[in-house]
Amino acid sequence: MAGTPSKNRKRTGPKKQPPRGNPQKSHEPRDPRHIEKATSRDWIGAARLRTLPLAVTPILIGTGAAHLVDGLFHWVIALFCLIVSVSLQIGVNYANDYSDGIRGTDDHRVGPARLTASRKAKPRTVLLVALAFFAIAAIAGLALVIRTQQWWLLAVGAVCILAAWFYTGGKRPYGYYGLGELFVFVFFGLVATAGTTFVQVLSVPQEAWFGGAGAGFLACAVLLANNLRDIDQDRTAGKRTLTVLIGRRWTQVLFTVFVLAPFGIAAFLAVFYPIAWLTLMVLLAALPAILIGWTYRLPKELLVALALTSLTSIAYGAALCWAFIG
């Protein structure tokens, strides 16, 4: 009798491979025709305007500290420092959009949608925009080097750009290993402030270092608020930020310390520069940010804490600048 076909016989085939990248990433096919192209509003949003005050704060403090040395205002040099700082901040924001997007880390983020992850813009285009802003920072920095004739500053500028890129870029981004806050404190706090003072007066008084530390702490607080908002998504995607490593409760504690520490520095400086007491008025924005950090129920509420902390930063910088100038 000839063999009858078995309807229940299982067909063997290649084994299914486990999905790669972000486990939360949707693997349903998307029709490119149904994906809207990025608008100018999307590109502006990707620049993350909430973070730009962090680029202004060290310039304010550094310029005020420079005034202590020679009593002059070096407006043109300060403006070029501002161009360098803001361009680096925008560049790193677009670079993060690109790097996190191609890794799948941003597929389920809580904050505003990213260009790369939403597929509204090609990854290559986002990368080119990031590199364009890094180039603007490099050109403005080169002008400062030529003006001051301090050629060793070229190496400092190169390190700053590399630090901006490797935050989430490259094979082993340090932002994925809990080192983001350390680099932010160093580069967007100490280096940016002391560098602003140095290119104006070719010296760095201790006031610039104290003020730079205050700016750095607030920049770290903004980063913590951002990472606390995305803690669940980052943990699932394998992005080991400091928040993922120490957990939610210790992040809230550290966020509080980072927000309040600058005011301790300002209180010390107020002994020598009484106007610095005005920085305490900035607590009107800082304390609500801390309260939200401890009482939030939905991650999106931390967007308000992030914005308030960023506002605290620029107001703090303005108050210290006034104290040094006055």
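All figures in this text were calculated on a predicted structure; none of them were measured in a lab.

**Student:** Help me understand the overall build of the protein chain in this model?
**Tutor:** The secondary structure content of the protein chain amounts to 12 helices and 0 strands. Each helix and strand of the protein chain, ordered N terminal to C terminal, gives the series α-α-α-α-α-α-α-α-α-α-α-α. Split into buried and exposed, the 326 residues of the protein chain put 48% on the buried side. Long-range contacts, defined as pairs at least 24 residues apart, comprise 76% of the intrachain contacts of the protein chain with a sequence gap of at least 6. Surface accessibility of the protein chain: about 17000 Å² in total, with carbon and sulfur atoms responsible for 66%.

**Student:** Help me understand the packing of helix α2 (residues 53-70) against helix α7 (residues 180-201) in this model?
**Tutor:** How two helices sit against one another is set out by the angle between their axes and by the gap between those axes. Two elements in contact, α2 and α7, have axes whose closest approach is 8 Å; the angle formed by their N-to-C orientations is 40°. At the point where α2 passes α7, the crossing takes the right-handed sense. Mapping the contact onto sequence places Pro58, Ile59, Ile61, Gly62, Thr63, Ala65, Ala66, Val69 and Asp70 in α2 and Phe188, Gly189, Ala192, Thr193, Thr196, Thr197, Gln200 and Val201 in α7.

**Student:** Please explain the pattern of salt bridges as it appears in this structure.
**Tutor:** Close approach of charged atoms lets side chains of opposite charge pair. Taken as a whole, this structure holds 5 salt bridges when the rule is applied. Here Asp100 ties to Lys239 by a salt bridge, and the two come within 3.3 Å at their closest N and O atoms. Placement of Asp100 in helix α3 (residues 75-103) and of Lys239 in the loop between α9 (231-237) and α10 (242-270) is noted, with a sequence separation of 139 residues between them. Given the relative accessible area of 2%, Asp100 is considered buried.

**Student:** Could you clarify how one ought to interpret helix α5 (residues 123-148) in this entry?
**Tutor:** Think of an α-helix as turning once every 3.6 residues; residues three or four places apart then point the same way. Between its first and last C-alpha atoms α5 spans 38 Å; for 26 residues at 1.5 Å apiece the expected length is 38 Å, and the two agree. For α5, the set of buried residues is Val126, Leu127, Ala130, Phe134, Ala137, Ala140, Leu144, Val145 and Thr148. Packed against the buried residues of α5 are α1 (40-46), α3, α4 (115-118), α6 (153-165) and α7. Once α5 finishes, Gln149 follows within two positions and takes phi at roughly 65°, a positive value.

**Student:** Honestly, a nonpolar patch on the surface in this entry has me stumped. Any pointers?
**Tutor:** Taken together, the side chains of Leu245, Ile246, Trp250, Val253, Val257 and Trp294 present a nonpolar region at the surface, about 550 Å² in accessible area. The biggest single contributor to the nonpolar patch is α10, with 5 residues. Along the polypeptide, Val257 turns up in helix α10. Under the relative-accessibility criterion, Val257 is labelled partly exposed at 45%.

**Student:** What should I look at first to understand α3 in this one?
**Tutor:** When the terminal C-alpha atoms of α3 are compared, their 42 Å separation across 29 residues agrees well with the 42 Å that a helix rising 1.5 Å per residue should span. The first or second residue beyond α3 is Gly104, which carries a positive phi of 90°.

Scoring rules and cut-offs
Residues numbered from 1 in each chain as written. Predicted model: local features only at pLDDT ≥ 70, side-chain atom pairs only at ≥ 80, totals over all residues. Heavy atoms only, no water. Helix = DSSP H or I, 4+ residues; strand = E, 2+ residues; numbered from the N terminus. Buried < 20%, exposed > 50% of the residue type's maximum accessible area, 1.4 Å probe, protein only. Contact = heavy atoms within 4.5 Å. Areas by Shrake-Rupley, 256 points an atom, 1.4 Å probe, with all protein chains shown as cover. Axes fitted to C-alpha atoms, helices over the stretch in contact; angles between N-to-C directions. Left-handed = near helix turned anticlockwise from the far one by under 90°. Salt bridge = Lys/Arg side-chain N within 4 Å of Asp/Glu carboxyl O. Expected span 1.5 Å × (residues − 1). Patch = residues over 30% accessible without salt bridge, like charges linked within 9 Å, V, L, I, M, F, W, Y side chains within 5 Å.

Shape descriptors only; they carry no functional weight alone.
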